[in-house]
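Now for the letters of each chain:
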Protein chains: 2
Amino acid sequence: MFNRAVIVGTGLIGASLGLALKQAGFQGTITGIDFNPNEGSAALQIGAIDTFTLDKAAQKRALASADLVLLAVPVLAVLDWMEQLAPLLHPHQLITDVGSTKRVIAEKAIQLFNHKTSARFLPGHPMAGKESGGASLAEALLFDGAMWLFTPVADETALEQEWRAWVTKLGCRTMDVDPTRHDQIVAWVSHLPQMVSTAMCAMFADEFAHVPELAAEFEAIGGRALREMTRLGSSPYSMWRDVALTNTEPLAATLFALEQRLAHIRENLRTPELREEFARANQFRRSK
Amino acid sequence: MFNRAVIVGTGLIGASLGLALKQAGFQGTITGIDFNPNEGSAALQIGAIDTFTLDKAAQKRALASADLVLLAVPVLAVLDWMEQLAPLLHPHQLITDVGSTKRVIAEKAIQLFNHKTSARFLPGHPMAGKESGGASLAEALLFDGAMWLFTPVADETALEQEWRAWVTKLGCRTMDVDPTRHDQIVAWVSHLPQMVSTAMCAMFADEFAHVPELAAEFEAIGGRALREMTRLGSSPYSMWRDVALTNTEPLAATLFALEQRLAHIRENLRTPELREEFARANQFRRSK
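Residues numbered from 1 in each chain as written. Chains lettered and ligands numbered in written order. Predicted model: local features only at pLDDT ≥ 70, side-chain atom pairs only at ≥ 80, totals over all residues. Heavy atoms only, no water.

Q: Honestly, helix α10 (residues 248-267) of chain A in this entry has me stumped. Any pointers?
A: Residues lying three or four places apart along an α-helix face the same way, a consequence of the helix completing one turn every 3.6 residues. Taking 1.5 Å of rise per residue, 20 residues should cover 28 Å, and α10 of chain A covers 28 Å from first to last C-alpha, within 8% of that figure. Among all positions of α10 of chain A, only T248, L251, A252, T254, L255, L258, E259, R261, L262, A263 and I265 of chain A are buried. Looking at the buried side of α10 of chain A, the elements it contacts are α7 (179-208), α9 (237-246) and α11 (273-286) of chain A together with α7 (179-208) and α10 (248-267) of chain B. (Helix = DSSP H or I, 4+ residues; strand = E, 2+ residues; numbered from the N terminus. Expected span 1.5 Å × (residues − 1). Buried < 20%, exposed > 50% of the residue type's maximum accessible area, 1.4 Å probe, protein only. Contact = heavy atoms within 4.5 Å.)

Q: Is there a simple way to think about the packing of helix α4 (residues 75-85) of chain A against α9 of chain A in this case?
A: In helix packing, the relevant descriptors are the interaxial angle and the interaxial distance, both defined with respect to the helix axes. Residue and element names in this part refer to chain A. Two elements in contact, α4 and α9, have axes whose closest approach is 7 Å; the angle formed by their N-to-C orientations is 80°. Comparing the axis directions of α4 and α9 gives the class roughly perpendicular. Listed contacts from α9 to V75, L76 and A77 of α4 are R241, D242, L245 and T246. When the residues that make up the contact of α4 with α9 are grouped by side-chain class, the tally is four nonpolar, one polar and two charged. (Axes fitted to C-alpha atoms, helices over the stretch in contact; angles between N-to-C directions. Parallel < 35°, antiparallel > 145°, perpendicular 65-115°, else oblique. Nonpolar A, V, L, I, M, F, W, Y, C, P; charged D, E, K, R; others polar.)

Q: What should I look at first to understand the interface of chain B and chain A in this one?
A: Interface size is often expressed as the accessible area that is lost when the parts come together. Each partner contributes to the interface: chain B provides 78 residues, whereas chain A provides 78 residues. Taking the shortest distance from any N to any O, the salt bridge between R261 of chain B and D206 of chain A comes out at 2.8 Å. Of all the elements in the fold, those that place two or more residues in the side of chain B that touches chain A are β8 (147-150), β9 (173-176), α7, α8 (212-230), α9 (237-246), α10 and α11 (273-286) of chain B. Partitioning the side of chain B that touches chain A into residue classes produces 48 nonpolar, 11 polar and 19 charged. (Salt bridge = Lys/Arg side-chain N within 4 Å of Asp/Glu carboxyl O.)

Q: How should the pairing of strand β8 (residues 147-150) of chain A be read in this particular structure?
A: Two faces, one strand: in a regular strand the side chains alternate between the faces of the sheet. All names here are of chain A. Neither face of β8 is left uncovered, since the one carrying M147 and L149 and the one carrying W148 and F150 both have all their residues buried. Relative to β8, strand β7 (residues 124-126) runs antiparallel, the two being bridged by three bridges. Bridge pairing in β8 links H125 to L149. With four bridges joining them, β8 and strand β9 (residues 173-176) adopt parallel strand pairing. The residue bridging M147 from the neighbouring strand is R173, located in β9. (Pairing = 2+ DSSP bridges.)

Q: Looking at this model, I keep getting lost on the relation of the copies chain B and chain A. Mind explaining?
A: Least-squares fitting of chain B to chain A yields an RMSD of 0.0 Å, with the superposition described by an axial translation of 0.0 Å and a rotation of 180°. Such values leave the two copies arranged in the relation of a two-fold axis. The share of interface residues of chain B whose copies in chain A are also at the interface is 100%, consistent with both copies meeting through the same surface. (Least-squares fit on C-alpha atoms with pLDDT ≥ 70 in both.)

Q: Sorry, what's going on with the sheet that holds β9 of chain A here?
A: Two pairing modes exist for strands in a sheet, parallel and antiparallel, and in both the strands are linked by backbone hydrogen bonds. Residue and element names in this part refer to chain A. Strand order across the open sheet formed by three strands is β7-β8-β9, with mixed pairing between neighbours. If you trace the sheet from one side to the other, it starts and ends with β7 and β9, each paired once. Between one strand axis and the next, the sheet turns by 20° as a mean value, whatever way the strands run.

Q: Would you mind showing me how to read the side chain of T96 of chain A here?
A: Residue and element names in this part refer to chain A. The topology assignment puts T96 in strand β5 (residues 94-97). Judged by relative accessible area, which is 2%, T96 ranks as buried. One polar contact links the side chain of T96 to the main-chain carbonyl oxygen of L122, over a distance of 2.5 Å. (Polar contact = N/O pair within 3.5 Å; in protein donor to acceptor, adjacent residues only side chain to side chain.)

Q: What am I meant to see in empty space enclosed by the protein here?
A: By rolling a water-sized probe across the atoms, one finds the places where empty space is left. Residue and element names in this part refer to chain A. A full pass over the atoms with the stated rule returns one cavity of 30 Å³ or more. By volume, the largest cavity is sized at about 30 Å³. Every residue lining the largest cavity is listed: N114, R120, F121, L122, P152, V153, A154, D155, E156 and E160. Sorting elements by how many residues they give to the lining of the largest cavity places strand β6 (residues 120-122) first, with three residues. Its residues assigned to classes, the lining of the largest cavity shows five nonpolar, one polar and four charged. (1 Å grid on protein atoms, 1.4 Å probe; cavity = no way out; pocket = protein on both sides within 12 Å on 5 of 7 lines; lining within 4 Å. Points joined across faces, edges and corners; volume = space filled by probe spheres on them.)

Q: Explain α11 of chain A to me, please; I cannot follow it from the model alone.
A: Residues and elements named next belong to chain A. With 14 residues, α11 extends 20 Å from end C-alpha to end C-alpha; this agrees with the ideal 20 Å at 1.5 Å per step. Buried residues of α11: L274, E277, F278, A281, N282, F284 and R285, and no others. Projected down its long axis, α11 shows its buried positions confined to an angular sector of 160°, all on one face. (Arc of directions from axis to C-beta.)

Q: Can you walk me through unusual backbone geometry in this structure?
A: When glycine is set aside, most residues are seen to have a negative phi, and most peptide bonds are trans. All names here are of chain A. Despite not being glycine, N114 has its phi angle at roughly 65°, a positive value. Assignment of secondary structure puts N114 in the loop between α5 (103-112) and β6. For N114, a relative accessible area of 15% translates into the label buried.

Q: Looking at this structure, how should I read the side chain of E39 of chain A?
A: All names here are of chain A. Within the fold, E39 resides in helix α2 (residues 37-45). No salt bridge is formed by the buried E39. Its closest oppositely charged neighbour is K130, at 12 Å. What E39 contacts, discounting residues up to four positions off in sequence, is T10, G11, D34, G134 and A135. (Lys, Arg positive; Asp, Glu negative; His and termini not counted.)

Q: Is there a simple way to think about the packing of aromatic side chains in this case?
A: Aromatic ring pairs: the centre-centre distance and the angle between the two ring planes describe each pair. Throughout the structure, instances matching the rule amount to 20 aromatic pairs over all chains. Their ring planes at 50° and their centres at 5.6 Å tell us that F143 of chain A and W148 of chain A sit as a pair that is tilted. Here F143 of chain A matches W148 of chain A in class, with each residue buried. Judged by centre distance (5.6 Å) and plane angle (70°), the rings of F26 of chain B and W166 of chain B are edge-to-face. One end of the pair, F26 of chain B, is in the loop between α1 (12-23) and β2 (29-33); the other, W166 of chain B, is in helix α6 (residues 158-169), with 140 residues separating them in the sequence. Assigned by exposure class, F26 of chain B and W166 of chain B land together as buried. An aromatic cluster is present here, built from F143, W148, F150 and W163 of chain A joined pairwise through their rings. One residue, K169 of chain A, lies across the ring of W166 of chain A, its end atom 3.9 Å from the ring centre. (Phe/Tyr/Trp six-rings, centres within 6.5 Å; stacked < 30°, edge-to-face > 60°. Lys NZ or Arg CZ within 6 Å of the ring centre and 35° of its normal.)

Q: Help me understand the sheet that holds β6 of chain A, please; the structure alone is not making it clear to me.
A: Residue and element names in this part refer to chain A. One open sheet holds the six strands; their spatial order is β3-β2-β1-β4-β5-β6, and the pairing between them is parallel. With one partner strand each, in any of the chains shown, β3 (51-52) and β6 form the two edges of the open sheet. One ladder, built from four bridges, connects strand β1 (residues 4-8) with strand β4 (residues 68-71); its direction is parallel. Bridge pairing links A5 to L68 in β4. Running at roughly 35° to β6, helix α6 (residues 158-169) makes contact with β4, β5 and β6 of the sheet.

Geometric values such as these leave the question of function open.
Structure (structure tokens):
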């Protein structure tokens, strides 16, 4: 039974996890760790965590005595924490993460964890989030109805089973995927949409910078579709840098495929092939 | 005072206009014309129009005696109706439209209308809609809060002023734009998002056709962002064909610009230039 949890990274996802666990009936203590004291205070204030400390020795004590460590930081920071936790934690302790890419995390997990004397590690990825970060935007229902992907790298113990049960209690459906396949899938369904939105916003910033009367009315003219397509333009580089660095090839492949598809449409604006593209798109939507 | 209105095209936009006008206090009679009797019946049933006829002679009588004719059909059909209406209508009658592109419509309006013996014509474009068409999806509040663009081509009379007042009563803000500039703007804010969504859906249809277990969970894995980015994939070719045919050059230019921007991001997934693109996009979103 998990009694002592540590959430590393008390931003949007970490603080939402704290709120969601408590709402789902978690009775233990949740300690928050974040390099940014403002995020820690905000998470404390909304009740997402019970205690927060910037003191390294106190953090180490909390981690050493935790049943469950949730790494809710960008991917490269997850890798750093894995290195730090490996010598500190033991087989009766479970570490899991919410990183956006899984191949590099799974590789490091195979190397560092799930051995006779090491802690357990179950890589995970909830498909939930917002275009802006921070504990102040945290919500207990952020994961409700979402898909939580796991990329297991070892046979599982009661610890992994308990965490899977909590994820289900948060309202998530779960699916196990191979880590490399995970990264290919999320390149299509998550990373590509992000980069398209970023590209469109960056392009609009350049295109409309010198027409202030239009820039001001931009969203009113564009309507709902434009708002939706550009919403992710607010997403922070700090998180997406790690995605781009740890999923470069699959993401580049999806970007290249979309560039070619857009060129195909551009070259066929006046031919019947445009009808075929709309038919394929309509069919895809109907299948949802 | 408008007493007799005719709505040509009783699909989503036409039927919503009928509902909105009545809700805003329009007391006259609204006659609906549509080549599809199902759309006419649906519009009648929800009270968007008062009468509907497929009889050509009856349609002609309604048009000849109308104060206001609203052309709510795709752009090429608007052009056809303009040709048909020119010899039939007179200076005390106003024709307006809701076509998605305005350059070709404005050119034809200059040629056929607003002369001594011809009817009045005010080209217009409400920035509202849905990804699926049909009178059954019509809503009285579809235009509430939307921007309604006008591309006037002549000095205006009391008729144009009265229509502008109705548009305001529907809850719209209005803006006058040069027709060619209109088509450039909507290429960026409306036509490009549509083609991106169509391209992504068509690509996903190909990519995931052979992985049924993923296709089924596609939206659950992708979450809100993916749903938003692919929503317009349902849009009907019948309307967008006319957009592509009458706004080819501006739309091709925006597609080419986005292709280049995506290539730029793809080539910089591991360089600090990615940070710059996110910064530009963040700045654009903050300015909204």
